[in-house]
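# A closer look at the structure
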Amino acid sequence: MSNHDNSPIFPDSYVGENSTEYDNSIWMERNQKKTAILCLHYLYDEKLDRIGILDTLNEEKYLVADLGCGTGFSSEILVEKGYRVIAVDVLIDMLSKAKSKKKLLEKEKNLELILADINYLPLKQSSIDHIISISAYNFIIYGKIVLGDISKTVNNTARYLEKILKPNGRVIIEFYPKNKKELDIFTSSFDESGFDGFVVKKDSNQKSGQTFLLLKKRAKL
Ligand SMILES: C[S@@+](CC[C@H](N)C(=O)[O-])C[C@H]1O[C@@H](n2cnc3c(N)ncnc32)[C@H](O)[C@@H]1O
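These numbers were taken from a predicted model, which means no experiment stands behind them.

## Focus: the site of the ligand
Taken together, 21 residues form the shell around the ligand, and within it G68, G70, F73, A136 and F139 come nearest. Of all the secondary structure elements, the ones that give two or more residues to the shell around the ligand are α4 (73-80) and β2 (84-89). The residue makeup of the shell around the ligand, split by class, is 13 nonpolar, six polar and two charged.

Here it is, written out as structure tokens:
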């Protein structure tokens with residue numbers, strides 16, 4: 001199920017038969033895995049190294065939280081690339097399919113699946129090296145209509161992401177804000193919550209559609 005512009009609808013697009021259709025789609029698998037690889041590339045972005053205090057990531061196989069992991073396409077790539085992954089999704093129909101994939105992984109132990117809401121993550125402070133979220137973050141404002149409620153949600157969540165990250169932690173988000181105003185609400189939530197970073201779009205004039213946020217936790221002096 002999708003909107004007239006073909007964008008998915010939460011939660012309808014991800015429950016019951018639609019979750020099975022999502023998981024069985026070869027196009028979806030290829031697309032999400034390609035995006036996961038691109039997000040990993042952005043994690044080591046040199047421009048991100050230079051923002052705020054200069055730092056570079058080493059080759060360490062970090063603990064990465066995959067927020068809105070769905071049926072596990074993105075998490076599978078992260079584990080195959082050698083990362084330890086905590087994958088979170090709020091819908092059991094999607095997460096149960098990720099559980100089936102986990103059993104087939106050579107490094108099964110490197111993937112932990114958690115049924116939880118991104119807005120209420122059951123993760124300890126300073127416990128995560130980096131965060132990746134693919135095609136999910138725009139849904140954190142699901143059900144919020146009033147601007148004040150939207151801002152409160154995105155601000156609280158950004159603040160919490162800052163808390164669960166270790167120093168120098170990075171966040172790479174691929175998502176689909178509806179328009180410039182919505183994008184600004186998300187970017188300012190990170191700016192005000194202790195992150196530095198920037199936005200990447202395929203076309204710099206593009207106001208909505210696929211958007212990447214490349215962020216790193218601001219160093220405390
Ligand atoms: C398009 S799927 C993304 C799947 C996955 N990242 C991938 O690359 O294959 C979007 C997922 O975001 C999840 N989601 C939406 N809102 C969420 C929230 N507030 N907390 C956790 N997961 C959420 C949905 O349940 C759905 O499984």
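Still to come is the rest of the account.
## Regarding the nonpolar core
Membership of the largest hydrophobic core comes to 51 residues, with the highest contact counts inside it found for L78, V85, A87, V88, I131 and I172. Ranked by residue count, the leading element in this core is strand β5 (residues 165-175), at five residues. L78 has contacts with A36, V64, D66, Y83, V85 and I132, leaving out every residue within four places of it along the chain.

## Regarding the packing of helix α6 (residues 147-164) against helix α7 (residues 180-192)
Two numbers describe how α6 lies on α7: the axes approach to 8 Å, and their chain directions differ by 40°. Here α6 is positioned oblique relative to α7, judged by the angle of their axes. The element α6 and its partner α7 pack so that their crossing is right-handed. Seen from α6, the contacting residues are I150, S151, V154, N155 and A158; seen from α7, they are I185, F186, S189, F190 and E192. Considered class by class, the residues forming the contact of α6 with α7 number six nonpolar, three polar and one charged.

Reading the values: the criteria
- Residues numbered from 1 in each chain as written.
- Predicted model: local features only at pLDDT ≥ 70, side-chain atom pairs only at ≥ 80, totals over all residues.
- Near = placed C-beta within 6 Å.
- Helix = DSSP H or I, 4+ residues; strand = E, 2+ residues; numbered from the N terminus.
- Nonpolar A, V, L, I, M, F, W, Y, C, P; charged D, E, K, R; others polar.
- Core = buried A, V, L, I, M, F, W, Y, C linked by C-beta atoms within 7 Å.
- Buried ≥ 20, exposed ≤ 12 C-beta atoms within 10 Å, placed from the backbone.
- Contact = placed C-beta atoms within 7 Å.
- Axes fitted to C-alpha atoms, helices over the stretch in contact; angles between N-to-C directions.
- Parallel < 35°, antiparallel > 145°, perpendicular 65-115°, else oblique.
- Left-handed = near helix turned anticlockwise from the far one by under 90°.

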